[in-house]
Amino acid sequence: MPTLSGPLLTISDLRVSFFTDRGEAPAVRGVSLTIPAGQTVALVGESGCGKSTVALAITRLLSDPGRILGGQVVFKGRDLISLPEPALRAIRGKEIGMIFQEPMTSLNPVFTIGEQIAEVLYVHAGLSKRAARLEVLRLLEKVGIVPAARRIDQYPHELSGGMKQRVMIAMALACQPDLLIADEPTTALDVTVQAQILELLYALQQELHMAILLITHNLGVVAQFAQAVHVMYAGKIVEQADVHSLFQHPLHPYTRALLKALPRPGHRAERLAAIAGTVPTPFQYPPGCAFASRCPDVRGHCPTAEPPLTATDPSHKVACWLHERSVPP
Amino acid sequence: MADFTRTGVLAEPLDLPTPETPLQEVWRVFRKDKLALASLGVLLLLLVVAVAGKVVTEWIIVMNPETVRLPEKFKPPLSSASADLLLEADLPPFGVYLLGTDELGRDVFARMLQGAFVSLSIGFIAVGISVLIGVILGGLAGFYGSVTLGFISIDTLIMRFTDIMLCFPTFFLILTVVALLPPSIYNIMIVIGLTSWMGTARFVRAEFLALREQDFVVAAQALGLPAWRIIFYHMVPNAIAPVLVSATIGVASAILTESALSFLGFGVQPPYATWGNILADGKDFIFDAPWLFFIPGFAIFTVVLAFNLVGEALREALNPKLRRR
Amino acid sequence: MWSYLLRNILQRLVVLVIISFLAHTVVHLAPGEPSEVDPSNPRMKAEDVARIRAAFHLDDPLHLQYLYWMRDLFTGELKSFKDSQPVLPKIWRRFLNSLPLFVCATLIVWSLSFPTGIHAAIRRGSLYDRTTTFLAYTFISIPGFFLSYLVILWVVNTLNVPVIGMQTFGMEDAQAVYRWMDRLWHLVIPSFMSAAAGIAVLSRYVRSQMLEVIGQDYIRTARAKGLPAETVMYRHALRNALLPFVTMFGFLLPALIGGSVIFEQIFAWPGLGRLGYEAILARDFPVILTLNFIAAALTLVGTFLSDILYAVVDPRIRLQ
């Protein structure tokens, strides 16, 4: 695999809003991140913070009330936002693979899993039916679906959730993409199956030297697999760091609250430290820091002035007035 | 380390929008469809006209739809009455036949006013009957479905019965019954009601089956609430959405059925006027007096269209899945 | 699998028997005598009335009449009250007349509804979608005979399309080619009018099914795989959207028979609907009951075929 001179994927100031009949709901408000080749970058945040929207926006898979308002998504030197549709389609499934949160509904119920995986090979690799079938068998075995020959002609409803997710992985990796976007791949699965799927992803990543954008709200998973972490809150990135720095020296109050909220084995009869308050509604984001209403260290200017994302360290950035040198007027 | 379980001190309180009630939400989505709003307006107007019509033609007779004025037959709309040929009492208000006269010299406007009320009431009562039957049967099937009476469960029994009713060619059945029974407006209403409940029953059964598994029903049962209370206070309001939609569309369909029955000669009999039988009578005079055909036809079309549009908009507004957000 | 089929068929037979019984009871309980034996009919003498009543078992208890009806029906001996002609051949002849109308109307409905509905769903909110939606509502809301008369008025004066009956008077002597063309020409307007409401309803339903399917996760997966837009729509979405329509086939028939009463009356088409109408007017019980019975039987056959077809096309059902 040729090494790239720069990062594989660079997102710059991505902005996405949903235009509903209740008004505009900005879901992604200027998100920037980079994904180096072969690394796992995690995008963490609670439900509704916009992380799934970022994932869908990368390959322009957003559906209707959602629209990309601005920003750049540069993948291997090309901006995906402005790329014409046919060129984008050539990249989807071939150079960028994607797996989703709900394996139960992400597979077409009327086609066999073999047909659905083979489709990717027909379209992107130009394989014949026979060659594709052989390749599909090989892929099924690689993702741990055995006996492959029996499963290949089965329909999605005949498979369990974990197996369906393996099929999704096989589909996404069939053409050996450079980037895999995994949107909460294990959230809908049982805990034991979660571990298996993650192990599988890790093994495949090592083998294919593939970058993974891992979207999740599970910090444990992040700690195990990611090299870099971006924490999202209310449509913005509030902290980004390599995984060690984030867990050892969390800077943003939200990150610290998240880490504090993790239940710790061995400590019984403690109240779980929940974060007080609720996420502000996207229809009415405050002009300043969106976390201000829940922040224990809030200052007077926080609700009205937006803190910029600045580096306290070469590999650690945070958007918080607590860590800014200059205080806003 | 700071205690994260306490809320921080804010410079000023945040202004959160109050969440809207389900009813407000439905109205908000409904309002967006301008055509549906216009149709709702038409229907309200129709209600007013129908009630006013009943008052004006039957209770305080300002216009009598039954007055036969043979010398005045086939007068086009907006023609003035010949005051010299008629008795004082037979003159139309303002001396003008707003919508003309028919083959017996009757004032079409008066007949349309009377017909409005009759057509609407046929629609509403027929749908009322069908909704009642549908909700009861569907509710029983959905809630008590697994209870068995001997070798057959209530659910299967009711559903088979529904399937049987669906196998009859509905219009043919209505026609048969209406033709064989003594002609009466009540028979028509009842028969239409008795043959159109099947859709509602299926909806209600489906909703109840889904609702029965939901936690709030189990919780209500755990609290010891009696079954009828669970059904009527808790489950029915949740299941009501598709019923409301199909009821609205059902009124439209009942009005159309009544007009078809009148066309075949089995509708409401004279002297009662419904828009259906005015239209049916009018078809014989298409060339001589086209207004006798076009006016009731257009009126039925407008009203039925309004009901359909309102019903569809209601369906969009009530169903979160179908909405475009 | 065979046990499932057998059980299904048996259930339907039971339903058919129940339907026939219900229909029989309803018809016989209604007041009014068949016109032949109506006491007020001046043409019939008292002894003739008695004779006819005996021949048609009209004074026997209800369940005996039912048995007589069933026996006569299946032995082909059933006679009409109106003119004592055998019922089954009568129905058959009229059925053959109605058949081209049914077939044409069905073809028109199904071939126009799907492209319209699918296209409207894919281009949701566009001018095409809004226009077809409005047209659909118009056709649903307009009384069938009102629209027919309007069309007749327009068509007869401007386009010279025939609108009465199945063929032009005097055409029986013409050559076969001309005869057939004449018949086809006569079919046009009635079938379109019969089809109008059906197209409107079905295309709306197709549209809403398509929309629901397009919103599903697996469509997003298909797009994420980089498949071309046509493949996503016409292979992945359509296959799923079409599933429910297979089940609708069975219910086509009662709708057609019911609707044909009106349209055959308007266009003077000597078909089943008109036969039913005339039978009702004359209180011709055997004809009425037999028509109902046949319609119900055809519906049951239709729904049975739909069930089988559905199991064939939906893999989720197959394994049960």
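Quantities reported herein were computed from a predicted structural model and do not represent experimental measurements. Here the residue numbers are simple positions, counted from 1 along each chain's written sequence. A letter from A marks each chain and a number from 1 marks each ligand, given out in the order of writing. Residue-level local features of this predicted model are given only where pLDDT is at least 70; pairs of side-chain atoms are given and counted only at 80 or more, and the full residue set underlies all totals for whole chains, interfaces and linings.

(A) Just the overall build of chain C, in detail. We count a stretch as a helix when DSSP gives it H or I for four or more residues in a row; a strand needs E for two or more, and each element gets its number in order from the N terminus. A tally of helices and strands in chain C yields 13 helices and zero strands. Moving toward the C terminus, one meets the helices and strands of chain C in the order α-α-α-α-α-α-α-α-α-α-α-α-α. A buried classification covers 38% of the 320 residues belonging to chain C. Nonlocal contacts in chain C, meaning residues at least 24 apart in sequence, comprise 71% of its contacts between residues at least 6 apart. Every C-beta atom is placed from the backbone, and the number of other C-beta atoms within 10 Å of a residue's own sets its class: buried at 20 or more, exposed at 12 or fewer, partly exposed in between. Any two residues are considered in contact once their C-beta atoms, placed from the backbone, lie within 7 Å.

(B) How the structure looks around the overall build of chain A. The secondary structure content of chain A amounts to 11 helices and 12 strands. A globule of 329 residues ought to have a C-alpha radius of gyration of about 20 Å, and chain A, at 21 Å, matches this closely. Referenced to the eigenvectors of the C-alpha coordinate spread, the extents of chain A come out at roughly 70 × 50 × 45 Å. A burial count over chain A gives 44% of its 329 residues as buried. Just to be clear, the radius of gyration here is over C-alpha atoms, and the globule rule we use is 2.2 Å times residues to the power 0.38.

(C) Local environment of the pairing of strand β1 (residues 9-20) of chain A. Residues and elements named next belong to chain A. For two strands to count as paired, DSSP must find a minimum of two bridges between them. With 10 bridges joining them, β1 and strand β2 (residues 23-35) adopt antiparallel strand pairing. Residue pairing for β2: Leu 9 is matched across the bridge by Ile 35. From the end of β1 to the start of β2, which pair antiparallel, there are two residues.

(D) A look at helix α4 (residues 113-125) of chain A. All names here are of chain A. To estimate how far a helix should reach, multiply one less than its number of residues by 1.5 Å. With 13 residues, α4 should cover 18 Å at 1.5 Å per step; its first-to-last C-alpha distance of 18 Å lies within 8% of that length. Burial analysis of α4 places 10 of its 13 residues in the buried class, the great majority of the element. Buried within α4 are the following residues: Ile 113, Gly 114, Gln 116, Ile 117, Ala 118, Glu 119, Val 120, Leu 121, Val 123 and His 124. Looking at the buried residues of α4, the elements they touch are α5 (129-142), α6 (148-151) and α7 (161-173).

(E) Examining unusual backbone geometry more closely. Residues and elements named next belong to chain A. Pro 147 follows Val 146 through a cis peptide bond whose omega is 0°. Relative to the elements of secondary structure, Pro 147 occurs in the loop between α5 and α6. With a phi close to 50°, Ala 234 is a non-glycine residue in the positive phi region.

(F) View of the interface of chain B and chain C. The interface of chain B with chain C comprises 33 residues on the first partner and 36 residues on the second. Of all elements in the fold, only α4 (154-167), α5 (170-180), α9 (227-263) and α11 (291-318) of chain B reach the threshold of two or more residues within the side of chain B that touches chain C. The leading source of residues in the side of chain B that touches chain C is α5(B), at eight residues.

(G) Quick look at the sheet that holds strand β5 (residues 78-79) of chain A. Strands sit in the order β2-β1-β4-β5 (chain A) across an open sheet of four strands; the sheet is antiparallel. Strands with a single pairing partner mark the edges of an open sheet, and in this sheet they are β2 and β5 of chain A.

(H) Structural view of the packing of α7(A) against helix α8 (residues 191-208) of chain A. Residues and elements named next belong to chain A. Closest axis-to-axis distance for the α7/α8 pair is 10 Å, and the angle between their directions is 15°. Looking at the two axes, α7 sits roughly parallel to α8. The hand of the α7/α8 crossing is right-handed. On α8, the residues that touch Gly 161, Gly 162, Gln 165, Arg 166, Ile 169 and Leu 173 of α7 are Val 193, Gln 196, Ile 197, Leu 200, Leu 204 and Leu 208. Note on geometry: axes are lines fitted to C-alpha atoms, helical ones only across the stretch in contact, with angles between N-to-C directions running from 0 to 180 degrees. Angles below 35 degrees are treated as roughly parallel, those above 145 as roughly antiparallel, those between 65 and 115 as roughly perpendicular, and all remaining angles as oblique. By convention the crossing between two helices is left-handed if the near helix lies anticlockwise of the far one by an angle smaller than a right angle, and right-handed if it lies clockwise.

(I) Region of interest: the packing of helix α10 (residues 275-282) of chain B against α11(B). All names here are of chain B. Closest axis-to-axis distance for the α10/α11 pair is 8 Å, and the angle between their directions is 150°. Here α10 runs over α11; the crossing is left-handed. Taken together, the residues of α11 that come into contact with α10 (itself represented by Trp 275, Ile 278, Leu 279 and Gly 282) are Leu 292, Phe 293, Pro 296, Gly 297, Ala 299 and Ile 300. Here the term charged refers only to Asp, Glu, Lys and Arg, the term nonpolar to Ala, Val, Leu, Ile, Met, Phe, Trp, Tyr, Cys and Pro, and the term polar to all other amino acids, Gly among them. Here the contact of α10 with α11 is composed, by residue class, of eight nonpolar, two polar and no charged.

(J) Structural detail: the confidence of the model for chain A. For chain A, per-residue confidence averages 88 on the pLDDT scale, and 96% of positions sit at 70 or higher. Confidence of the predictor at the level of single residues is given by pLDDT, which spans 0 to 100. Taken element by element, chain A is modelled with least confidence in strand β11 (residues 310-313) of chain A, mean pLDDT 85, and with most confidence in strand β7 (residues 179-183) of chain A, mean pLDDT 94.

(K) Structural context of α7(A). Residues and elements named next belong to chain A. Its 13 residues place the ends of α7 18 Å apart at the C-alpha level, agreeing with the 18 Å of an ideal helix rising 1.5 Å per residue. For α7, the buried fraction is high: 12 of the 13 residues fall into the buried class. On its buried side, α7 packs onto β6 (96-99), α3 (103-106), α4, α5, β7 and α8.

(L) View of the sheet that holds β7(A). All names here are of chain A. An order of β6-β7-β8-β3-β9-β10-β12-β11 is seen for the eight strands of this open sheet, with the pairing classed as mixed. With one partner strand each, in any of the chains shown, β6 and β11 form the two edges of the open sheet. The average angle at which neighbouring strand axes cross in this sheet is 20°, direction not considered. Pairing analysis gives five bridges linking strand β3 (residues 40-44) to strand β8 (residues 211-216), with the strands arranged parallel. Bridge pairing links Ala 42 to Leu 214 in β8.

(M) Focus on the confidence of the model for chain C. Residues and elements named next belong to chain C. Chain-level statistics for chain C give a pLDDT mean of 80 and a share of 89% at 70 or above. The secondary structure element of chain C with the lowest average pLDDT is helix α2 (residues 46-55), at 68, and the one with the highest is helix α8 (residues 217-224), at 92. The ipTM value of the predicted complex is 0.85, and its pTM value is 0.80.

(N) Spatial organisation of the interface of chain C and chain A. Taken together, the 18 residues of chain C in the interface contact 23 residues of chain A. Counting residues per element, the ones that place at least two in the side of chain C that touches chain A are α8, α9 (229-241) and α13 (315-318) of chain C. Counting residues per element, the side of chain C that touches chain A draws most heavily on α8(C), at seven residues. The residue makeup of the side of chain C that touches chain A, split by class, is six nonpolar, five polar and seven charged.

(O) Spatial organisation of the pairing of strand β10 (residues 236-242) of chain A. Residues and elements named next belong to chain A. With respect to burial, β10 is a largely interior element, six of its seven residues being buried. Bridge analysis of strand β9 (residues 228-233) against β10 gives six bridges, and the strand direction is antiparallel. The residue bridging Val 231 from the neighbouring strand is Glu 239, located in β10. Where β9 folds back on β10, the antiparallel hairpin that results is connected by two residues, among which Ala 234 adopts a positive phi of roughly 50°.

(P) Layout of the environment of A:Ala174. All names here are of chain A. Among the structural elements, Ala 174 can be located in the loop between α7 and β7. C-alpha separation for the pair Ala 174 and Leu 43, spaced 131 residues apart in sequence, amounts to 24 Å. If we skip the residues at most four places from it in the chain, Ala 174 touches Ile 117, Val 120, Leu 121 and Leu 139.

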